[in-house]
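Coordinates in review
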Amino acid sequence: MERSTAFWAIQAPGWVLVAYLLLAQCTSALNYKWGVRMGTQEPAEKITQVGVAFWWGLVLADLVIYTPLLAVGLVGHWLDRQWGIVVLAGALGITVYWPLVCLATIWSARDTPHWSLPKERQYWVVLPIIAGWGAYGLRNLIVADFEGLSCSSSKTSF
């Protein structure tokens, strides 16, 4: 079966994201200090205990819901199964949602006492790219479904 550019534009970044989530987010859910040592999480001294609690809640949700949903959706999409498209669409919705939540949190916490995010610029560069990929993938799944095409079909032109 020949795969479209849209298919690979979902699959390739999707698996890179799954790998990152497993390495950086899911391990941090098990032990937040590991994430701080790896540089993928912020220490309490920079973002307060409330900030740590918020970020830990997100990494726990990544471990329990988001990462498995994204991986299963990518597998189902690869296999061209309808259930895979539905699961992947749910994961891509989350992919748009959580970067926006994080950026809103960073923006609103910016002037909070004891909040000093040392790598804030990185968040403003990386998270919109992730959200944009999620929106792009979700749009492709919706358009392919609307047009009655398989996302893996070479006929898909987006």
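Everything below is about the structure shown above.
Attention in this report is confined to the structure presented alongside it. (Residues numbered from 1 in each chain as written. Predicted model: local features only at pLDDT ≥ 70, side-chain atom pairs only at ≥ 80, totals over all residues. Heavy atoms only, no water.)

The helix and strand tally for the protein stands at 5 helices and 0 strands. For the protein, the succession of helices and strands along the chain, N to C, is α-α-α-α-α. In terms of overall dimensions, the protein has C-alpha extents of about 55 × 30 × 20 Å along its principal axes. Looking at the protein residue by residue over its 158 residues, the buried ones come to 42%. Looking at the protein alone, contacts between residues at least 24 apart form 65% of all its contacts between residues at least 6 apart. Surface accessibility of the protein: about 8600 Å² in total, with carbon and sulfur atoms responsible for 69%. One way to put it: in the protein the 10 positive side-chain charges average out to a point 6 Å from where the 9 negative ones average out. (Helix = DSSP H or I, 4+ residues; strand = E, 2+ residues; numbered from the N terminus. Buried < 20%, exposed > 50% of the residue type's maximum accessible area, 1.4 Å probe, protein only. Contact = heavy atoms within 4.5 Å. Areas by Shrake-Rupley, 256 points an atom, 1.4 Å probe, with all protein chains shown as cover. Lys, Arg positive; Asp, Glu negative; His and termini not counted. Charge placed at Lys NZ, Arg CZ, Asp CG, Glu CD.)

For the pair helix α1 (residues 5–30) and helix α3 (residues 44–78), the least separation of the axes is 9 Å and the interaxial angle reads 150°. Comparing their axes, α3 and α1 come out roughly antiparallel. Of the two possible hands of crossing, α1 and α3 adopt the one that is left-handed. The residue inventory of the contact of α1 with α3, partitioned by class, reads 21 nonpolar, 6 polar and 1 charged. (Axes fitted to C-alpha atoms, helices over the stretch in contact; angles between N-to-C directions. Parallel < 35°, antiparallel > 145°, perpendicular 65-115°, else oblique. Left-handed = near helix turned anticlockwise from the far one by under 90°. Nonpolar A, V, L, I, M, F, W, Y, C, P; charged D, E, K, R; others polar.)

With that settled, the discussion passes to the nonpolar core. Among the nonpolar cores identified, the biggest contains 29 residues, and Leu17, Ile47, Trp55, Tyr66, Leu70, Leu88 and Leu127 are the most heavily contacted of them. In terms of residue count, the dominant contributor to this core is helix α4 (residues 82–109) (9 residues). The contact partners of leucine 88, leaving out residues within four places of it in the chain, are Ile10, Leu70, Gly73, Leu74, His77 and Leu141. (Core = buried A, V, L, I, M, F, W, Y, C linked by side-chain atoms within 4.5 Å.)

The next point concerns the environment of alanine 71. Within the secondary structure, alanine 71 sits in helix α3. When near neighbours in sequence (up to four residues on either side) are disregarded, alanine 71 contacts Trp15 and Val18.

Let us now look at a nonpolar patch on the surface. Together, Trp8, Trp15, Val72, Val75, Trp78, Leu79 and Trp83 make up an exposed nonpolar region whose accessible area comes to about 670 Å². It is α3 that contributes the most residues to the nonpolar patch, 3 residues altogether. The topology assignment puts tryptophan 78 in helix α3. What makes tryptophan 78 partly exposed here is its relative accessible area of 37%. (Patch = residues over 30% accessible without salt bridge, like charges linked within 9 Å, V, L, I, M, F, W, Y side chains within 5 Å. Salt bridge = Lys/Arg side-chain N within 4 Å of Asp/Glu carboxyl O.)

The final tally for this structure, using the stated rule, is 7 aromatic pairs. Between tryptophan 8 and tryptophan 78, the ring centres sit 5.4 Å apart and the planes meet at 75°, which makes this aromatic pair edge-to-face. Taken as a pair, tryptophan 8 in helix α1 and tryptophan 78 in helix α3 lie far apart in primary sequence, 70 residues in all. Clustering of aromatic rings is evident, with ring pairs tying together Phe7, Trp8 and Trp78. Taking NZ or CZ as reference, arginine 3 lies 4.8 Å from the ring centre of tryptophan 78, over its face. (Phe/Tyr/Trp six-rings, centres within 6.5 Å; stacked < 30°, edge-to-face > 60°. Lys NZ or Arg CZ within 6 Å of the ring centre and 35° of its normal.)

Take the packing of α3 against α4 next. Axis separation between α3 and α4 bottoms out at 7 Å; the angle between their running directions is 155°. For the element pair α3 / α4, the angle class is roughly antiparallel. By crossing handedness, the relation of α3 to α4 is classed as left-handed. In the contact of α3 with α4, the residues fall into 19 nonpolar, 7 polar and no charged.

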